[in-house]
Every structure is written in C-alpha cells, then in structure tokens.
Amino acid sequence: MAHLFRELSLGHSKRETTPPPPSMASTIPSDLPPSPLGQLAVQFSESDLRLISYEIFVAACRSATGKPLSSAVSSLSVANPDSPSNGASPASPAAQRSLTAAAASKMKKALGMKSLSSLSPGSTKSPGSGSGSGSGSGGKSKRPTTVGELMRIQMRVGRKIESVVLPLELLQQLKSSDFTDQQEYDAWLKRSLKVLEAGLLLHPRVPLDKTSSSQRLRQIIHGALDRPLETGRNNEQMQSLRSAVMSLATRSDGSFSDSCHWADGSPFNLRLYEMLLEACFDSSDATSMVEEVDDLMEHIKKTWVILGINQMLHNLCFTWLLFSRYVVTGQVEMDLLYACESQLAEVAKDAKTTKDPEYSQVLSATLSAILGWAEKRLLAYHDTFDRSNVGTMEGIVSLGVSAARILVEDISNEYRRRRKGEVDVARTRIETYIRSSLRTAFAQASRMEKADSSRRASRNQKNPLPVLAILAKDIGELAVQEKRMFSPIWKRWHPFAAGVAVATLHVCYGNEIKQFISGISELTPDAVQVLRAADKLEKDLVQIAVEDSVDSDDGGKAIIREMPPFEAETVIANLVKDWIKARIDRLKEWVDRNLQQEVWNPVENQEGGYALSAAEVLRITDETLEAFFQLPIPMHPAVLPDLIIGLDKYLQYYVSKAKSGCGSRTTYMPTMPALTRCTTESKFQGVWKKKEKSPPSQKKNSQVPIANGEAGSFGVTQICIRINSLHKIRSELDVVEKRVITHLRNCESAHTDDFSNGLGKKFELTPAACIEGVQQLSESLAYKVVFHDLSHALWDGLYIGDLSSSRIEPFLKELEQNLTVIAETVHERVRTRIITDLMRASFDGFLLVLLAGGPSRAFTIQDSQIMEQDFKSMKDLFWANGDGLAMDLIDKFSTTVRGVLPLFSTDTDSLIERFKGMTLEAYGSSAKSRLPLPPTSGQWSGMEPNTLLRVLCYRNDESATRFLKKTYNLPKKL
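Residues numbered from 1 in each chain as written. Predicted model: local features only at pLDDT ≥ 70, side-chain atom pairs only at ≥ 80, totals over all residues. Heavy atoms only, no water.

Draft legend 1. Region of interest: the overall build of the protein chain. Each helix and strand counted, the protein chain has 40 helices and zero strands in total. Counting only residues that meet the buried cut, the protein chain has 50% of its 974 residues in that class. Sequence separation of 24 or more characterises 78% of the internal contacts of the protein chain that already satisfy a separation of 6 or more. On the protein chain, roughly 46500 Å² of surface is accessible, and the fraction owed to carbon and sulfur atoms is 50%. (Helix = DSSP H or I, 4+ residues; strand = E, 2+ residues; numbered from the N terminus. Buried < 20%, exposed > 50% of the residue type's maximum accessible area, 1.4 Å probe, protein only. Contact = heavy atoms within 4.5 Å. Areas by Shrake-Rupley, 256 points an atom, 1.4 Å probe, with all protein chains shown as cover.)

Draft legend 2. Representation of unusual backbone geometry in the model. Following S266, the chain continues to P267 via a peptide bond in cis, the omega torsion being 5°. Mapped onto the fold, P267 is located in the loop between α10 (236-249) and α11 (268-278).

Draft legend 3. Summary view of the environment of F878. Following the sequence through the fold, F878 ends up in helix α35 (residues 864-879). Separated by 42 residues in the primary sequence, F878 and T836 have C-alpha atoms spaced 8.4 Å apart. Residues contacting F878, with those up to four places away along its chain left out, are L815, L819, I835, L838, M839, S842, G884, L885 and I890.

Draft legend 4. A look at the environment of L851. Turning to its location among the elements, L851 is positioned in helix α34 (residues 828-852). C-alpha separation for the pair L851 and C953, spaced 102 residues apart in sequence, amounts to 8.4 Å. With residues up to four places along the chain from it excluded, the contact list for L851 reads V900, F904, W940, T947, R950, V951 and Y954.

Draft legend 5. Spatial organisation of empty space enclosed by the protein. All chains considered together, the criterion is met by one cavity of 30 Å³ or more. Taken as a whole, the largest cavity encloses approximately 30 Å³ of empty space. If you go around the largest cavity, the residues you meet are G199, L200, P204, R205, V206, L248, A249, R251 and H261. Listing elements by their share of the lining of the largest cavity, those giving two or more residues are α8 (182-202) and α10. Of the residues that constitute the lining of the largest cavity, the class distribution is five nonpolar, two polar and two charged. (1 Å grid on protein atoms, 1.4 Å probe; cavity = no way out; pocket = protein on both sides within 12 Å on 5 of 7 lines; lining within 4 Å. Points joined across faces, edges and corners; volume = space filled by probe spheres on them. Nonpolar A, V, L, I, M, F, W, Y, C, P; charged D, E, K, R; others polar.)

Draft legend 6. Structural view of the nonpolar core. Grouped together as the largest cluster of nonpolar side chains are 279 residues, with contacts concentrated most on W490, Y509, F628 and F846. Among the elements that line this core, the one with the most residues is α34, at 14 residues. (Core = buried A, V, L, I, M, F, W, Y, C linked by side-chain atoms within 4.5 Å.)

Draft legend 7. Structural context of the packing of helix α2 (residues 46-60) against α11. As a packed pair, α2 and α11 sit with axes 9 Å apart at the nearest point and diverge in direction by 85°. Considered as vectors, α2 and α11 are oriented roughly perpendicular to each other. Between α2 and α11, the residues in contact are E46, L49, R50, I52, S53, I56 and F57 and R271, L272, M275 and L276, respectively. Residue classes in the contact of α2 with α11 are distributed as seven nonpolar, one polar and three charged. (Axes fitted to C-alpha atoms, helices over the stretch in contact; angles between N-to-C directions. Parallel < 35°, antiparallel > 145°, perpendicular 65-115°, else oblique.)

Draft legend 8. Expanded view of helix α26 (residues 612-630). Spanning 19 residues, α26 covers 27 Å between terminal C-alpha atoms, matching the ideal 27 Å at 1.5 Å per step. Looking only at α26, the buried set comprises S613, A614, V617, L618, I620, T621, T624, L625, A627, F628 and F629. Summarising the contacts, the buried residues of α26 are in contact with α25 (568-597), α27 (636-659) and α30 (716-745). (Expected span 1.5 Å × (residues − 1).)

Draft legend 9. Structural view of helix α9 (residues 212-226). Over its 15 residues, α9 runs 21 Å from end to end, which matches the ideal 21 Å to within 8%, given 1.5 Å per residue. For α9, the full list of buried residues reads S213, S214, L217, I220, I221 and A224. Looking straight down α9, one finds that the buried residues subtend no more than 125° of arc, so they occupy a single side. Residues of α9 that are exposed and point over 90 degrees away from its buried face: Q219, L225 and D226. (Arc of directions from axis to C-beta.)

Draft legend 10. Seen up close, the pattern of salt bridges. Counted by the stated rule, this structure contains 32 salt bridges. A salt bridge links E394 to R492; the nearest nitrogen and oxygen atoms lie 3.3 Å apart. One end of the pair, E394, is in helix α18 (residues 393-411); the other, R492, is in the loop between α21 (467-490) and α22 (497-518), and 98 residues separate them in sequence. A single salt-bridge network, built from bridges that share partners, covers E779, R833, D837 and R840. (Salt bridge = Lys/Arg side-chain N within 4 Å of Asp/Glu carboxyl O.)

Draft legend 11. How the structure looks around the packing of aromatic side chains. Tallied over the entire structure, the rule returns 23 aromatic pairs. Pairing F843 with F878 gives two aromatic rings, centres 6.4 Å apart and planes at 80°, and the pair type is edge-to-face. Pair noted here: F843 is in helix α34 and F878 is in helix α35, with a separation of 35 residues, a long-range link. Accessibility assignment for this pair places F843 and F878 in one class, buried. Relative to F963, the ring of F915 lies with its centre 6.0 Å away and its plane at 85°, an arrangement referred to as edge-to-face. Separated by 48 residues along the polypeptide, F915 in helix α38 (residues 908-923) and F963 in helix α40 (residues 958-968) bring together distant segments of the chain. Overall, the relative accessible area of 9% leaves F963 in the buried class. Linked through ring pairs, Y799, F843, F846, F859, F871, F878, F904 and Y954 together constitute an aromatic cluster. (Phe/Tyr/Trp six-rings, centres within 6.5 Å; stacked < 30°, edge-to-face > 60°.)

Right under this line is the structure:
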C-alpha cells in the first residue's frame, strides 16, 4: 500500500505551504452542547483530526481519487462544445453526470435543503460549486476536477493528497528529509504515534487484554518521546513497532473479517467520521452543502470499513452534524433545522430495529444533547422567542419532541414495561414546557413589579396601583400573548395548550392572591383594587380556557378543575360585610353615647321640632350610604341588603332607646283600691266637725321610672320632641329609599331588576318601630299627664267629699294648659293622635274616679246630673267649638262613659236586681245559694256585673249598703 502514497506529494512544494482556513470549532457558540460522540483520551487539535480523517478518506478512496467530479465534467462540456464528452453516450457516467449537475443533489432534495445554484446573484458560492472562471482557449478552471482534490480543499488541508499516507505506512516510508523542516517532521511523527495510541490502545475496537503487544506498543510510543524514531528505514525499531501494531490491529472483533482495526473504536472513529461529514458543507457558506454532496457522500461511505461505521451510526452522526451546524451558524437557517428533523426520523427507525448497547449509548447521548439544548429554550420560551424569531420555535419544538419520543419510546426500559397508551410523550413534554416557561415568566413579572414598587416607595412616589393589581394586568396581557403567539404552535402537539397555559398562570397568581387575602383585615382601596383586578384576571383566564376546550370530550372541565376560584368577589363581599358591621357597631355606640347626653329639646331653625340626635342619626345614615356607594367594589346591589338591614337595625335601636324610660299606659294607671261600702251618714256632717283625713290614695305613679333621675328628660315637651323625632325618622325613610335607588342606577354593576325589585332596598324594622314608638310615647304622654302630672286635680281632687265643691273645672283648666303645650310642640301629623290619646286617658280617669275612687267618694242619685255636666265639659274641651277633635271621634271614645253614667241615675233596687240577674246568668245555678263576687275586668259597661257592683259600692244609700254587707260583707273603710 505504501507505493500508493509515494505517488502523492506532501505539498505543492517544499517551499510552498497553504495554511488551512479557520476551523468551525473556533466559531462554536457557548450554548452548543458538548459533542455527544465522546471525548478522546488523547489530545488532538481540530487540525490534527482533519488531517487524520483526510488520510483515511484518501486510503479508502485510493483507487478512485482521480475520478472526475460531475460538475467538472459539466463545466468542460459547456466550455468546449466540440469536446468528445458532448457526444458521449447517455449511458456513460460522464454524460449522466453532466445532465444532472445543474440541479440540486438527491441528498439535498431528501433533506429539503437549498442549492447554492438557486441563490440570488451575488451570493457566496463554494469553490466546488461555481462555474469555471476561464473562458476561451487557454482558459483553465480553478475548480477542483476530482473528488480527492475537492476533499482536500473542503478539509482545508494545505497539502496535496499525494503527500498523506496511513500512520504505519507513513512511518515506514517517510523520512525527515521528506518534510520542509524538522518542526513539521516532529509534528507529523508525534501525530502519527498519537493516532496509533488512540486507535489501538486508548479506544480500541476490540478490548485490550494483558498482551505483550499492547505493553510493547505503549513503551515504543512513550519511548519515542525521549528518543525519536528513525522513520523511513527498515530498522529494528521500526520492525518492532510494525510487529506490535499489526498484532493489535489484526485481532478479530467477531465479525469474521480480515480488516485491520486501528481507527474503528468508539469514540475515536465517530470523531474522525464527524470531520469527514463536515466536508459536505461549503467552506465559504457554513449553512449550505456543496453541490457535489452526493459524490462526496458516496466516497465518504468508503471509509466505513476502516472506521467501523454503519448506516445507523452514519444517520446519527449526520443528525448531530446538521444540528450543530444550525446552532453554530446562529440558528437562522431553518433548512438545517428541518434537515436535522428529517434525518432524525431515520434515526427513529433505526432505534426501533436495534438493541446494540454501544449504539444505544451514543444514541442516548446524542438525543439527550439535542433535547437538552431544545429544552433550555423551550422551558423558558418566553425569554427565547418573540415576534422577531417566533417562526423558528415550531422547528425547535418539533426537534425536541422527536428526540424525546425516541428517548422515551425506543430507549427507556421503563416505557417498554408500561403500555404505550398510557404515555403521550409529545403532550407531556409540551405541558412541561408551557408550565415551566409561564412559571418563569410569572416569577420575572412579579419580581419586576415588586422592584418597581420598592423604587417608587424609596423615592416617596405614590403608587398608582398596588403591585398585585399591576401584576394581574401584566398576567392578563401575558395570557393574551400566549394565546395569540404561542398556543397555535403548541396546538400541533397539544390540542388544549392555551387551557394549560392559563391554568398555570391561574395557579401562579392564585398563590399570590391567597397570601394577600390571608393578610387582609379590613376593606381598603388597595385591597379592593387588587381583588377586583384578580377577579377580572380570573374571568379572562377562564374564558380563554373554555374557548380552548370547546372541542374536548369533557367541555374543559378537567382544565377548569385545575383553576380553583380566587373567590375575589366573595372576599370583597365579606370585607364589605365586615365594613358594614363595623360601621353599624360604631353607630350603635354613638347612639348609646349621645342619647345619654340628649336633653330632647328641638333643634333650632328646624321645622318639625325634632331632637338634635334624630338629625344626626339621619345625617349619619346618609353619610354611610354615600360612603358605601363610593366603595370601588363591583357588587353594590349584591351587598346592599346587608347595609340596609344594618342601618335598619341601627335606626330601630335608636327608636328603642328614644322611647325607653318614658313608660306606658299601665305605668301611670293607679292601682284600684279594694271594694268598700258607703256609710249612710249625712254628706254635710263633715262641715260641722273636723274633716276626717282621707286615706292616701294608692297610685302607681310612685313606681314611674325616671331615667338617671333626670325628670326633665321626661316632661311633656321632651316626650313631644321624642315623638317628633320618631316621626321625622319615619317620614325620612322614604327619601332615603329613593336615594338608594338613585345610587343603584349609577352603579356599574347594577341591572334593571336591582332597582325595579324593592326587596333588599327598603327598611323593614324601623318604620314599624317608629309607628309603635309614636303610639307608645303618645299613650304614655297622655296617661302621664292625666294620672301623674294632673293627679292632684283628678285622682286626688275630683269628687272628694261634696261634689258641688270638687267638680272637674280645676282638672280641665290644667288639662287645657297641657293641650296648648302639646299642640304647639308636636308635629301636626301626630297632633291629633296625641290629643286623642289624651282624651281617652281623661275619659278613663273620669271613669276610674267614679268606679274605683276609693272610700273617700260616695254618690247619690242626684249627683248623676253633676257627672253628666262635668263629662260634657270635658268633651267640649276636646271639641273646642269645632277647632279640636272631630265630634265623631269624641263620640267613639266616649261610648264607654256614656254607657256607664246612666247607672248613677238608676235607683238602687233596680241596680241590685239587674246585678243579681247578670250574675246568675254568668255563673248559672251555682250562684243561687250565694252570689259570687265578679272579678274586675277593667272593661266598664252597664251590662257587666263588676261595673254594676262598683256603682252600688259608691251609692250613698242604705239599701245598697245593706245588700253589700249581707252579700259580700264589704267593709266601710279600707
């Protein structure tokens, strides 16, 4: 074989050398993964590897190095029409090549890569693809004319191929005198020995055993470092080297081949083959293959027998080469990426057909490197891609998914143990990329907004919006960008990619908002802004998820389940309810505090004569409603009922406090004395002797409570002011309710039903409480005046002793004074009611004097005329010549008195007989032996036994006294 290399020149001449162009290795970017083809145990430079691989190429193609390139034949044919080749048979190789040279190669077409000949004018072309520069006779083309020559240029080897031989042959044939200088010789000698060391000792095809050959070769190589070999001679040293090398190289690898194994061990063979494959790319346009790539590849494959390469390893190495070229050249030439993916499809087929552990190891490393590079971009694709380069994303995703599928489906033992239907590799990877990148993008957005907020705070600049509100807006925009820019790309592998994206963002923001919510203690503008922004974001995200999942089997339920609601509206509603409760609690405290100081005098310059506290209560109610509708919340109509209920209870509380301590009708009614019978002595007997002191009447007014001892708060005027205050509140509630409707119409979230339906917007408790309070206070005032304030004139003075000297005029005079005060103080809308209650109380008091006035009172039949006259005077007072109460109203409430007065003009026997008859009728036969004492019902009537009995008790008549003594043994005195 040595004679073949003798015919090759080591260079153009000993005086001329061509320095190789810069290596692609010098342009490798930092993000290109380390070569998965393996690292060599001995250090070789890129130039060394190129020279070694070129030597192998020349050796493998030694019988065809002079074969003309198809493009050269084509050029010659075009330049010289008279050339015999133009007339060559179409069956001849030269003719066939010439017909197809202008078109892209089969390999380029298969890979989908462009041809340099199709580039626009001015594009850079490779030395092996351009047309000849010579023209006319004598013109000589600068293009390489043989495969060997083209390879030399493409491999950037500065020497002619004739000067390169295989390591052992070269060591035996070449001497130092064959080199330009000693430095070149020493470098060549060192490289040749390192090749032998790498191929036979460090990376052997057949594993080494403890043979003398390996030890001897190692000693020779290491010894040559101290005492260089004398090459080119058939001396003992060279014979020893040859013996050791051949002994190791000829060992069988079990393939029953007589091939020598000196460069076919991994990863040495793969690195050398990678160098050969790089020659397929144009040295002046790193993104394009040379036009003659089919020719080159045909000859490169001849090195397989030396390098131990097969089709599977070729596919794998070529895949890596295409990928690395794409990365090295700036990731702009998509043809390279698509070619890599196309080649990867062949690798996938290979992976399914072999279980070779050595191949699987390289395959796994290569795919892992490609997948790792792709995932570095895809796991944070928001940082990698934007509108300017998003077009490259689909290719990278496709490449990564293809690599992942092979790794998982064809290499993973765990996957083989599981049913393939359980794992969707592409979908799983896509979900991982989406979730990872969006989590990263969310974290970056969150950090950025927090940093901006801190800077503003340090500069004392007011934040226009809270951080989480701004973040919600940013995340909403991110979701829209995801849907428009990235989701259409992901949808090729994942039908619901947008849903996965928004679900991820929802979870990320959900963690932030939950932490924020846990720290909220009260309703603040910032809290409302954040929660409203969160609610809007959630609605937007859910909408995207629903739209994306419209064609899914479950209608998007699975994605929605991944999005537990923020419940921002619920949180806002609860905060508003807390705000309402706190307001109402403070209002109740205000009522307690202010009513203790209230003197119940009318507010100056105000009509209606109501108290200052009532005016304040209404003002605070208005302010509370105003504050409520100014809250920046989206659900005023929803929580308004809570506020109305709270205000209703607060106003009811004020009403209850306003009327408390004023008593009621029963508070002032005196206790009726026990029944007695009259003495029959002359009524004028007391005129001639010292009048016997009448026993004190039993009155209940001693039990009337006075709040805190302040009797002034419960005077006639003060009670009238209390009544006016309750009436004012009752009348203003309609105005408040109308104002609520007006506020609702201005709410952004209000609907027609919210103000057409009165439910939840009306006060339910306070109106009834006001009506009841006015009624109670009116009645209390009336009975207080009659039985407490005027008791000296009525209960203690009317008809005591001689009727003619103790008539009703003093009582009516003072009653008229009170009526004047009441009429001037109370609101006209409640005036009639109060005067009516006062009339009723006066009538009740008049009857009580007649029927339960105690032993100090006694009446004859003749006294009935005075009673009739006094009662008429009382009615006239309230009628006031037509200016007072209506006569029909007076007649209505005087019915009882008018029914009782005739009894006092009825003779005693008739009364006794009527009493007996009514009693027997009421009690039946059991009353024949002894008449039972009828109970006091308080319902006075001429048809009621107890009323008849009381008329008899106060009848100054012997028959009446005797009947009462005999029937009931009633005493004359208490």
